[in-house]
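Okay, here's what each chain looks like letter by letter:
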Amino acid sequence: MPSLLTTPIHLGLGARAEVQPTFTGMDWYADYATRTDEDGAEGRLVTMSRFTESWSSWEMHPHGDEVVVCLSGTMTIHQEMADGCTSTMTIGAGDYAINPPGVWHTADINGAATALFITVGLGTAHRPR
């Protein structure tokens with residue numbers, strides 16, 4: 001049985017769900033974009049990750065909202081808007097945050113946390129923290 005921790009799902013046009021290859025690291029996203037290009041900004045990448053450390057980079061999704069659902073532990077989400085304003089929120093099990101399109105975001109982890117992500121993968125960008 002596949003696990004979202006290692007095997008993401010792409011939700012595409014026509015209400016289809018497609019199992020993706022095993023996640024192998026940041027280069028995986030370029031191949032994902034090629035595989036799902038026909039769905040454009042309407043496609044959604046569904047992943048789950050476990051964290052024991054704060055994120056080492058910022059990321060941004062230019063084409064749509066990202067939903068982050070904390071499944072266990074706590075996460076502090078930091079957002080940086082285009083106008084320079086910032087926002088910080090801490091979410092725990094069952095809570096969620098929405099990262100709007102074009103908003104840079106990162107997370108601090110205190111202990112351990114697991115989160116589910118529903119993301120427009122198209123055009124995702126990263127920068128060092």
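Calculation criteria
- Residues numbered from 1 in each chain as written.
- Predicted model: local features only at pLDDT ≥ 70, side-chain atom pairs only at ≥ 80, totals over all residues.
- Heavy atoms only, no water.
- Helix = DSSP H or I, 4+ residues; strand = E, 2+ residues; numbered from the N terminus.
- Rg over C-alpha atoms; globule rule 2.2 N^0.38 Å.
- Contact = heavy atoms within 4.5 Å.
- Areas by Shrake-Rupley, 256 points an atom, 1.4 Å probe, with all protein chains shown as cover.
- Lys, Arg positive; Asp, Glu negative; His and termini not counted.
- Charge placed at Lys NZ, Arg CZ, Asp CG, Glu CD.
- Phe/Tyr/Trp six-rings, centres within 6.5 Å; stacked < 30°, edge-to-face > 60°.
- Buried < 20%, exposed > 50% of the residue type's maximum accessible area, 1.4 Å probe, protein only.
- Lys NZ or Arg CZ within 6 Å of the ring centre and 35° of its normal.
- Polar contact = N/O pair within 3.5 Å; in protein donor to acceptor, adjacent residues only side chain to side chain.
- Core = buried A, V, L, I, M, F, W, Y, C linked by side-chain atoms within 4.5 Å.

### Side note on the overall build of the protein
A tally of regular secondary structure across the protein gives 1 helix and 9 strands. Put simply, the protein runs from its N terminus to its C terminus through helices and strands in the order β-β-α-β-β-β-β-β-β-β. Its C-alpha atoms give the protein a radius of gyration of 14 Å, near enough to 14 Å, the size a compact globule of 129 residues would have. Once the C-alpha set of the protein is aligned to its principal axes, its extents read approximately 35 × 35 × 25 Å. Considering only intrachain contacts with a sequence separation of at least 6, the fraction spanning at least 24 residues in the protein is 68%. Just so you have it, the protein exposes about 6,900 Å², and 55% of that area is on carbon and sulfur atoms. Looking at charge distribution, the protein has the averaged site of its 6 positive side-chain charges lying 4 Å from that of its 15 negative ones.

### Looking at the packing of aromatic side chains
Taken as a whole and assessed by the stated rule, the structure comprises 7 aromatic pairs. Geometrically, the ring pair formed by W55 and F117 is tilted, given 6.2 Å between the ring centres and 50° between the ring planes. Linking W55 in the loop between strand 3 (44–51) and strand 4 (57–60) with F117 in strand 8 (residues 104–119), this pair joins segments that are 62 residues apart in sequence. Each member of the pair, W55 together with F117, is buried. Taken together, the ring pairs in this structure connect F23, W28, Y29 and Y32 into an aromatic cluster. Taking NZ or CZ as reference, R35 lies 5.1 Å from the ring centre of W28, over its face. Over the aromatic face of W104 sits the side chain of R127, whose NZ or CZ is 4.5 Å from the ring centroid.

### A look at the environment of H126
Looking at the element boundaries, H126 is found in strand 9 (residues 125–128). In sequence terms H126 and G12 are 114 residues apart; their C-alpha atoms lie 23 Å from each other. Non-local contacts of H126, meaning those with residues more than four positions away in its chain, are made with M26, S57, W58, E59 and W104. Only 3.3 Å separates the side chain of H126 from the side chain of E59, close enough to count as a polar contact.

### Focus on the nonpolar core
In terms of nonpolar packing, the biggest core is built from 13 residues, with F51, V68, M75, I77 and I91 touching the most fellow members. Those elements that provide at least two residues to this core are strand 5 (66–80) and strand 8. In terms of residues, this core owes the most to one element, strand 8, which gives 5 residues.

### A closer look at the side chain of H78
Inspection of the secondary structure assignment puts H78 in strand 5. A relative accessible area of 17% means that H78 is categorised as buried. Polar side-chain contacts of H78 include one of 3.2 Å to the side chain of T88. Not counting residues within four places of it along the chain, the set of residues in contact with H78 comprises W58, S87, T88, W104, H105, T106, D108 and R129.

Remember, this is a structural readout, not a statement about activity or role.
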